[in-house]
Amino acid sequence: MNISFQNSLEYANDCDKNDSLAKFRDQYIFPVNEKNETQIYFCGNSLGLQPKTAKEALNIELEDWGKWGVEGHFHGRKPWFHYHKFLTEHAAEVVGAKPIEVVVMNQLTVNLHLLMVSFYRPSKEKYKIIMEAGAFPSDMYAIESQVKHHGFDYNDAVIELVPREGEFTLRTEDILKAIEDNASELALVFFSGVQYYTGQYFNIPEITKKAHEVGAIAGFDLAHAAGNLNLKLHDWDVDFAAWCSYKYLNSGPGNVSGIYIHEKHCTNPETPRFSGWWGYQENKRFLMEKGYIPENGAAGWQLSNAPVFGMAVHLASLELFHQAGIENLRNKSIVLTNYLEFILEDAKSQNANLSFEIITPKNERGAQLSLLTDSTGKALFDHLIHHNIIADWREPNVIRIAPTPMYNSFLDVYLLGKAMLSFSNK
Ligand SMILES: *Cc1c(COP(=O)(O)O)cnc(C)c1O
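If you're wondering where the values come from, they're calculated on a predicted model, not measured in any experiment.

Visitor: What is the right way to look at the site of the ligand in this model?
Guide: Taken together, Leu108, Thr109, Phe136, Asp139, Asp221, Ala223, His224, Tyr246 and Lys247 are the residues near the ligand. In this structure, Asp221 approaches the ligand through a side-chain N or O atom, which is 3.0 Å from a nitrogen atom. Classifying every residue of the shell around the ligand gives four nonpolar, two polar and three charged.

Visitor: Mind showing me how you'd approach the pairing of strand S5 (residues 128–132) here?
Guide: Put simply, side chains in a regular strand alternate between the two faces of the sheet. Among the five residues in S5, five count as buried, and that is most of the element. Burial of the side chains of S5 extends over both faces: Lys128, Ile130 and Glu132 are buried on one face and Ile129 and Met131 on the other. With three bridges joining them, S5 and strand S7 (residues 186–192) adopt parallel strand pairing. Note that in S7 the partner of Ile129 across the bridge is Leu188. The pairing of S5 with strand S6 (residues 158–161) spans four bridges and is classified as parallel. Within S6, the residue paired with Ile130 across the bridge is Ile159.

Visitor: Looking at this structure, how should I read the packing of aromatic side chains?
Guide: What characterises a pair of aromatic rings is the spacing of the ring centres plus the angle enclosed by the ring planes. This model, assessed by the stated rule, comprises 21 aromatic pairs. Judged by centre distance (5.1 Å) and plane angle (65°), the rings of Phe191 and Phe202 are edge-to-face. With Phe191 in strand S7 and Phe202 in the loop between S7 and helix H9 (204–213), this pair connects stretches of sequence that are 11 residues apart. In this pair, the class of Phe191 matches that of Phe202, namely buried. Between Tyr196 and Tyr197, the ring centres sit 6.1 Å apart and the planes meet at 65°, which makes this aromatic pair edge-to-face. By relative accessible area, Tyr196 is classed as buried at 16%. Cation over ring: Arg273 sits above Trp301, and NZ or CZ is 3.7 Å from the ring centre. Taking the ring centre of Trp278 as reference, the NZ or CZ of Arg285 above it sits at 3.9 Å.

Thresholds, definitions, all that
- Residues numbered from 1 in each chain as written.
- Predicted model: local features only at pLDDT ≥ 70, side-chain atom pairs only at ≥ 80, totals over all residues.
- Heavy atoms only, no water.
- Near = heavy atom within 4 Å.
- Polar contact = N/O pair within 3.5 Å; in protein donor to acceptor, adjacent residues only side chain to side chain.
- Nonpolar A, V, L, I, M, F, W, Y, C, P; charged D, E, K, R; others polar.
- Buried < 20%, exposed > 50% of the residue type's maximum accessible area, 1.4 Å probe, protein only.
- Helix = DSSP H or I, 4+ residues; strand = E, 2+ residues; numbered from the N terminus.
- Pairing = 2+ DSSP bridges.
- Phe/Tyr/Trp six-rings, centres within 6.5 Å; stacked < 30°, edge-to-face > 60°.
- Lys NZ or Arg CZ within 6 Å of the ring centre and 35° of its normal.

Take a look at the structure:
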């Protein structure tokens, strides 16, 4: 923790002045309230803000469709025939992968299923999956249906890890021990990169290493990690991962997902998969021949032709990540989140009506702090909304606040603290 932090307007403004990424804030559209006042937005972990460049990017594709009709597949400014390639490099940068290991396609839960088709290949002996308890519901349902699909019983096949008594988050040592304890039966270790509820950043390299030691596959759902952390998926030897583009990656509601498959798997045409025509070897795709030949790399997992409108918006957003640099964003994020923690604790020390505990681990987190509240929590959340501050409420009693480094400022955080000072539960 930076001990020189100050809870003052001057200090926050100074930090913004010295922030080399501050200029990116102006590239985004901020929501307004009914009085047309710009809102302070801390929900980039749930739905990121719209880049101002999105509309033009989308418009180009609408125009090309109008101008070219079907010929846009080859003659558009960005030919749709291989549209996914325009996104691959920047998407790979965001997750620390080689371009061959990444493709943008479908949506997140769909992709998790496709990846489990390839990488959850249970045998009678090795069929168990280790995951965090309280995972994002879609992941729980996906895993539940996968184990059932293979004829296993959920309670037997899925090992859900819970924190120790009195603790809110899992200790890495306990995760590693659980993997070791189940070595002979374990097929897959599957965690989120950042836990959506607690904000805990799981130790991906350590978990992956241990999974491999016991002959299991390591896969991650990076919905809350992509665009948030400085990931190194290839170097960490992660087997597979998928993420969505609409949280920290600011690409709009329900938009496309990205997948990563380690080079050693994705360049092997024998790696099993469900296939479709868009993953077929590209120079022969339109020969419409029998017998599937995959395109090399993660692109060989594509099924359908690319949803270009969504991908155009995603590309516009990825270009901003490329300009800002994921490492620079992460460096700012660490300071900004530490500042948020400082401001929250300072507000609590000044206002006895505030009752919360930050449950996100200090040394394992991205841009989100989760505040565990009590019966006054909902009132505090409403108080923030009343002060034009958008955070998010997760049942039963957590307020999540995410200062994203791309467009949040130190001033935003200071103003949040100021609003907290005036909270009264009377
Ligand atoms: C947001 C999120 C999802 C959402 O899945 P979609 O298929 O994009 O609707 C899934 N898993 C996790 C961990 C998430 O955070």
